[in-house]
Amino acid sequence: MPKIYSSIACNLDNHLLSAALPLFAEESVEAIEWSFDTLYKQRNIPDWFIELLTAFGQENRLVGHGVYFSLFSGKWTPEQEAWLQQLEKVSGHFQFDHISEHFGFMTGANFHAGAPIGIPFTRRTLQLGQDRLQRIFQACRCPVGLENLAFAYSLDEVKAHGQFLDELLEPVNGFIILDLHNLYCQLQNFTIPFEALLELYPLHRVREIHISGGSWEDSALHPRQKIRRDTHDDAVPDEVFQMLSAVVPRCPHLKFVVLEQLGIGLHTPASQEAFREDFRKLKRTVQSLSTPPPETVANDFLPKELCPLGPAPEDLSLHRQQQQLSRILETAPDLSAAREELQSSDLAGSAWKVEEWEPAMLETAMQIAQKWKNGFA
Amino acid sequence: MKLSKSLLQAIALGVTISATTTSCSLFENSDVKPNLHDKTCAEDCQLDHRNSEGSTDWSNCPGCGMG
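Per an unreviewed UniProt entry, chain B goes by Lipoprotein and derives from Flavilitoribacter nigricans.

Per an unreviewed UniProt entry, the recorded name for chain A is DUF692 family protein, and the organism is Flavilitoribacter nigricans.

*Asks:* I tried to follow the overall build of chain B on my own but got confused; where do I start?
*Replies:* The secondary structure content of chain B amounts to two helices and zero strands. The buried share of chain B, taken over its 67 residues, is 43%. Approximately 3,900 Å² of chain B is accessible, and the part contributed by carbon and sulfur atoms is 49%.

*Asks:* Would you mind going over the packing of aromatic side chains with me for this structure?
*Replies:* How two aromatic rings sit relative to each other is set out by the distance from centre to centre and by the angle between their planes. Residues and elements named next belong to chain A. The tally for this structure, following the rule as stated, stands at 20 aromatic pairs over all chains. Centre to centre, the rings of W48 and F49 are 6.2 Å apart; their planes meet at 90°, and the pair counts as edge-to-face. Between F151 and Y153, the aromatic rings sit 4.8 Å apart at their centres with planes inclined by 90°, giving edge-to-face as the arrangement. When its relative accessible area of 1% is taken as the criterion, Y153 is described as buried.

*Asks:* How should I be thinking about helix α2 (residues 47–58) of chain A in this particular structure?
*Replies:* Between its first and last C-alpha, α2 of chain A extends 16 Å over 12 residues, near the 16 Å set by a 1.5 Å rise per residue. For α2 of chain A, the full list of buried residues reads W48, F49, I50, L52, L53, F56 and G57 of chain A. In this structure, the buried residues of α2 of chain A make contact with α1 (14–25), β2 (31–34) and β3 (62–65) of chain A together with α1 (5–17) of chain B. Once α2 of chain A ends, the next one or two residues include N60 of chain A, with phi positive near 55°.

*Asks:* Is there a simple way to think about the nonpolar core in this case?
*Replies:* General note: in soluble globular proteins, nonpolar side chains tend to be found buried as a group. Residues and elements named next belong to chain A. Ranked by internal contacts, the top residues of the largest apolar core, which has 124 residues, are F24, L52, L178 and I209. Looking at this core, the element that brings in the most residues is helix α12 (residues 359–372), giving eight residues. Formed by six residues, the second largest nonpolar core is a distinct cluster that contains Y5, A31, F256 and V258.

*Asks:* Can you walk me through the sheet that holds strand β8 (residues 175–179) of chain A in this structure?
*Replies:* All names here are of chain A. With parallel pairing, eight strands are arranged side by side around a closed barrel as β1-β2-β3-β4-β7-β8-β9-β12. For this sheet, the mean inter-axis angle between neighbouring strands, taken without regard to orientation, is 25°. Bridge count for strand β7 (residues 144–147) against β8 is three bridges, and the pairing is parallel. Among the inter-strand pairings, G145 is bridged to a residue of β8, identified as F175.

*Asks:* Honestly, the side chain of Q134 of chain A in this entry has me stumped. Any pointers?
*Replies:* Residue and element names in this part refer to chain A. Tracing the backbone through its elements, the reader meets Q134 in helix α4 (residues 123–140). A polar atom in the side chain of Q134 sits 2.5 Å from the backbone oxygen of C307. The contacts of Q134, once residues within four sequence positions are left out, are V172, L306, C307 and L309.

*Asks:* I keep staring at the pairing of strand β1 (residues 5–9) of chain A and nothing clicks. Help me out?
*Replies:* Consecutive residues of a regular strand have side chains that alternate between opposite faces of the sheet. Residues and elements named next belong to chain A. By the criterion of burial, β1 is predominantly enclosed, with five of the five residues buried. Neither face of β1 is exposed, since Y5, S7 and A9 on one face and S6 and I8 on the opposite face are all buried. Direction of pairing for β1 relative to strand β12 (residues 256–260): parallel, over a ladder of four bridges. Residue pairing in the sheet places S6 in a bridge with V257 of β12. Once you follow β1 into α1 and on to β2, the crossover reads as right-handed.

*Asks:* I would appreciate a short explanation of the packing of α1 of chain A against helix α9 (residues 269–289) of chain A in the present structure.
*Replies:* When two helices pack together, their arrangement is given by the angle between the helix axes and by the axis-to-axis distance. Residues and elements named next belong to chain A. Where α1 meets α9, the axes come as close as 9 Å, and the angle between the chain directions of the two elements is 50°. It follows that α1 is oblique to α9 by the angle criterion. Along this stretch, α1 crosses α9, giving a crossing that reads as right-handed. In contact with H15, L16, S18, A19, A20, P22 and L23 of α1, α9 contributes Q272, F275, R276, F279 and R280. For the contact of α1 with α9, the per-class residue count stands at seven nonpolar, three polar and two charged.

*Asks:* Quick question: what am I supposed to make of the packing of α4 of chain A against helix α5 (residues 155–169) of chain A here?
*Replies:* Residues and elements named next belong to chain A. α5 packs onto α4 with a crossing angle of 50° between their chain directions and a minimal axis gap of 8 Å. Relative to α5, the element α4 is oriented oblique. For the pair α4 and α5, the sense of crossing is right-handed. Residues R123, T125, L126, G129, Q130 and L133 of α4 form the contact with α5, whose participating residues are F164, E167, L168 and L169. Taken together, the residues of the contact of α4 with α5 break down into five nonpolar, three polar and two charged.

Reading guide: rules and limits
Residues numbered from 1 in each chain as written. Chains lettered and ligands numbered in written order. Predicted model: local features only at pLDDT ≥ 70, side-chain atom pairs only at ≥ 80, totals over all residues. Heavy atoms only, no water. Helix = DSSP H or I, 4+ residues; strand = E, 2+ residues; numbered from the N terminus. Buried < 20%, exposed > 50% of the residue type's maximum accessible area, 1.4 Å probe, protein only. Areas by Shrake-Rupley, 256 points an atom, 1.4 Å probe, with all protein chains shown as cover. Phe/Tyr/Trp six-rings, centres within 6.5 Å; stacked < 30°, edge-to-face > 60°. Expected span 1.5 Å × (residues − 1). Contact = heavy atoms within 4.5 Å. Core = buried A, V, L, I, M, F, W, Y, C linked by side-chain atoms within 4.5 Å. Pairing = 2+ DSSP bridges. Axes fitted to C-alpha atoms, helices over the stretch in contact; angles between N-to-C directions. Polar contact = N/O pair within 3.5 Å; in protein donor to acceptor, adjacent residues only side chain to side chain. Right-handed = clockwise from strand over helix to strand, strands pointing away. Parallel < 35°, antiparallel > 145°, perpendicular 65-115°, else oblique. Left-handed = near helix turned anticlockwise from the far one by under 90°. Nonpolar A, V, L, I, M, F, W, Y, C, P; charged D, E, K, R; others polar.

Here is the structure:
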């Protein structure tokens, strides 16, 4: 097992950078992850932030994490084309060790709004995703990967996610970001044992792990039930650290373990200190586990062979379904109205399997879509 | 990883005063430009949804908080 870098998600945010500065000063941050497509509103980027990215990039310790590409949108958009051009440009400025994106499609009507939501696992969506991952690779010319999604409509979807990721990433020899808090959400929301879930993931593809905190959301449907959300606004739960200890020795190609927290959860000196304490605990944990397993073969996570790309494929039927689903999630006044509208939409009786969706998770999808429909405010 | 003292001082100063007095041209010619209006805006929307030049509202990563 190569050296594993203890890392932080580092974006241009005062509170986050204030929290991280003492860690930088004590030289304990070994790599940083930057969401390169989140500065679309900002034309003036301070030189020191560029210098920070450059310093880590020159040591092969900078990784890029996209947010807005919307890998599985049925329709190929000019914004996606522009996103790729921007990625190519940014990749020319900074030396990324790898580039990743989120799984799913974005619900928002605007390119920079909405939340990533799951898609049906079909041959057609697989082909769409494989094509677009190849386009991402051609723009950045470094390893490309995807993060497992926190949200799922059903236990069957949870169980199938790892296998679908594996097939999706195969043509680009891509990697997985295994977000342990996302898995933690699924363990809580679907009552599945961690070991059973882990067995369903191709751990040989894991090159990066995320840990973070989250929050509990009340369910109006089941007042005694709470839904775990991946909101990244609190300290890392002990259970997630235990998951980290269990999973690291099983990922032979792991290179980065990243602590993620949003600046909105770091407004107080106490929360900033808790962030630093989480990072130090992450680093201690990783250092205690960095034992190479036997018989591992190096993987550069670069494609072995790629087919020439033609025009970007689309699935307009999928696009129409996604538009209908987004509208329902964003505007339905309550769960019962959402279920009724789904039953009369193109999604009924389709590969989306809306009939099998857990009601509490549909309720959660509505909360997520409505929270993010106007973007990050 | 070791960062230079001058960079650490610049970050400390930067987060203290939220200064954006210097600029990088990396995003200036981006085709992904912010729109005056969102697609979801009403036709008579009077709001400017773009950040003004030099704003200190550094957009954070929404993806990290989703879910």
